[in-house]
Amino acid sequence: MTGIALGLVFGAGAFLIWSAFWIEPRAHKPASGRLRRRLEDEIVQSEIPGLGVGGLIAACLIGSLLVLLLGYAVIGSLPIAVSFALMAAWAPVAVVRMRARRRRARLRDLWPDAIDNVSSGVRAGLALPEALGQLSVRGPEELRPAFAEFAEDYRLTGRFHDCLDLLKDRLSDPVGDRLIESLRIAREVGGSDLGRLLRTLSMFLREDARTRAELEARQSWTVSAARLAVAAPWLVLLLLSTRPESVRAYSSLAGVGVLVTGAATSAFAYWLMIRLGRLPEEARVLR
């Protein structure tokens, strides 16, 4: 019996070693996939109706092409026109991100009130789906459409977890993810600490919003200075483009080198200033 047991143990160990060479390692999600998901979230947060990643890329290409043709027709210098066309290509992405940041800032101030409403509903004896559904009537104005769709989904399907997933996709908000996952866990494991959890989360979000508002007020000076420092040389270039001798100079090989060097320096300096002065953004959880 001892020999048989040792043989089985040895065989199991040999099989595990052999199988380790054939199990595919977990694939890491490429950086391009992370960037695409981030861009999709920002498009949803920007609240531009009908816009997708493909539409945003098309807007970048069309805007760049229009500026290139218009700049070359007016200025008569292809290198200068290309410089401004590259800026125009980034403009739609910048607009989407600006709108997304503003929406996240607004929601950051609204979530504590929404959580307080859910907590009041739970204390009043409502079930979690009903407490969430009442936010479509009693919640903050900007959050009501998303929770109205959640209530409609729950009435149609009765699947709480699936409806929470749809709600997360509609909101695409880091704070909303935390609330939804907290409610999901509370629904699964039960317990009497849900009210305390919601009150703690509401208090934490209020303190976080107050601190972040103070930091963003100071950060705005850094961001404004970075944008001004980057825009100033290109505004000067735009004014110089009204003079024919300047256009001829920048159309030469040396002028192209100056434009390329200036563009690379401006992009790196702007990235560095924003990187050093920015506040950490909350990441979405349990995607």
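Residues numbered from 1 in each chain as written. Predicted model: local features only at pLDDT ≥ 70, side-chain atom pairs only at ≥ 80, totals over all residues. Heavy atoms only, no water.

Draft legend 1. Seen up close, the overall build of the protein. Counting its regular elements, the protein contains twelve helices and zero strands. In sequence order, the protein lays out its α and β elements as α-α-α-α-α-α-α-α-α-α-α-α. A total of 287 residues make up the protein; the buried ones form 32% of that total. At a minimum sequence separation of 6, the contacts of the protein that also span at least 24 residues come to 65%. Carbon together with sulfur atoms contributes 66% to the accessible area of the protein, which is approximately 18,200 Å² in total. (Helix = DSSP H or I, 4+ residues; strand = E, 2+ residues; numbered from the N terminus. Buried < 20%, exposed > 50% of the residue type's maximum accessible area, 1.4 Å probe, protein only. Contact = heavy atoms within 4.5 Å. Areas by Shrake-Rupley, 256 points an atom, 1.4 Å probe, with all protein chains shown as cover.)

Draft legend 2. View of the nonpolar core. W111 and L132 are the most contacted members of the largest nonpolar core, which has 27 residues in total. Mapped onto this core, the elements with two or more residues apiece are helix 4 (78-123), helix 5 (128-133), helix 7 (144-157), helix 8 (160-171), helix 9 (174-189) and helix 10 (194-240). Leaving out residues up to four positions away in the same chain, W111 has contacts with L143, F147, L171, D173, V175, G176, L179 and L205. (Core = buried A, V, L, I, M, F, W, Y, C linked by side-chain atoms within 4.5 Å.)

Draft legend 3. Fine view of a positive patch on the surface. Taken together, the side chains of R99, R101, R102 and R227 present a region of like positive charge at the surface. Here the element with the most residues in the positive patch is helix 4; it accounts for three residues. Tracing the sequence through the fold places R102 in helix 4. We classify R102 as exposed; its relative accessible area is 52%. (Patch = residues over 30% accessible without salt bridge, like charges linked within 9 Å, V, L, I, M, F, W, Y side chains within 5 Å. Salt bridge = Lys/Arg side-chain N within 4 Å of Asp/Glu carboxyl O. Lys, Arg positive; Asp, Glu negative; His and termini not counted. Charge placed at Lys NZ, Arg CZ, Asp CG, Glu CD.)

Draft legend 4. Representation of the confidence of the model for the protein in the model. Residues with a pLDDT of 70 or more make up 84% of the protein, whose mean pLDDT is 79. Mean pLDDT in the protein bottoms out at helix 1 (residues 2-20), which sits at 55, and peaks at helix 3 (residues 53-75), which reaches 89. When the criterion is pLDDT under 50, residues 21-29 qualifies, and its contacts beyond four places in sequence or with other chains add up to two contacts. (pLDDT = per-residue confidence, 0-100.)

Draft legend 5. Local environment of unusual backbone geometry. Positive phi is not limited to glycine here, since S172 has a value of about 50°. Mapped onto the elements, S172 comes out in the loop between helix 8 and helix 9.

Draft legend 6. Quick peek at helix 7. With 14 residues, helix 7 ought to run about 20 Å at 1.5 Å a step, and its terminal C-alpha atoms sit 20 Å apart, in line with that. Among the residues of helix 7, A146, F147, F150, A151 and D153 are the ones counted as buried. In an axial view of helix 7, the angular spread of the buried residues amounts to 160°, which keeps them on one side of the axis. Exposed and facing more than 90 degrees away from the buried side of helix 7 are R155 and L156. Those residues of helix 7 hidden inside the fold are in contact with helix 4, helix 5, helix 6 (135-138) and helix 8. Immediately downstream of helix 7, the backbone of G158 shows phi near 75°, a positive value. (Expected span 1.5 Å × (residues − 1). Arc of directions from axis to C-beta.)

Draft legend 7. Representation of the packing of aromatic side chains in the model. Taken as a whole, this structure holds five aromatic pairs when the rule is applied. Measuring from ring centre to ring centre gives 6.2 Å for F150 and F160, while their planes differ by 80°; the resulting arrangement is edge-to-face. In this pair, F150 sits in helix 7 while F160 sits in helix 8, placing the two residues ten residues apart along the sequence. Three or more aromatic residues joined by ring pairs form one cluster here, namely F150, Y154 and F160. (Phe/Tyr/Trp six-rings, centres within 6.5 Å; stacked < 30°, edge-to-face > 60°.)

Draft legend 8. Region of the structure containing the packing of helix 9 against helix 10. The interhelical angle for the contact between helix 9 and helix 10, taken along N-to-C directions, is 170°, at an axis separation of 11 Å. Taken together, helix 9 and helix 10 sit at an angle that is classed as roughly antiparallel. The residues of helix 10 that touch helix 9, namely those facing V175, R178, L179, S182, L183 and A186, are L194, L197, L198, L201, F204 and L205. Classifying every residue of the contact of helix 9 with helix 10 gives ten nonpolar, one polar and one charged. (Axes fitted to C-alpha atoms, helices over the stretch in contact; angles between N-to-C directions. Parallel < 35°, antiparallel > 145°, perpendicular 65-115°, else oblique. Nonpolar A, V, L, I, M, F, W, Y, C, P; charged D, E, K, R; others polar.)

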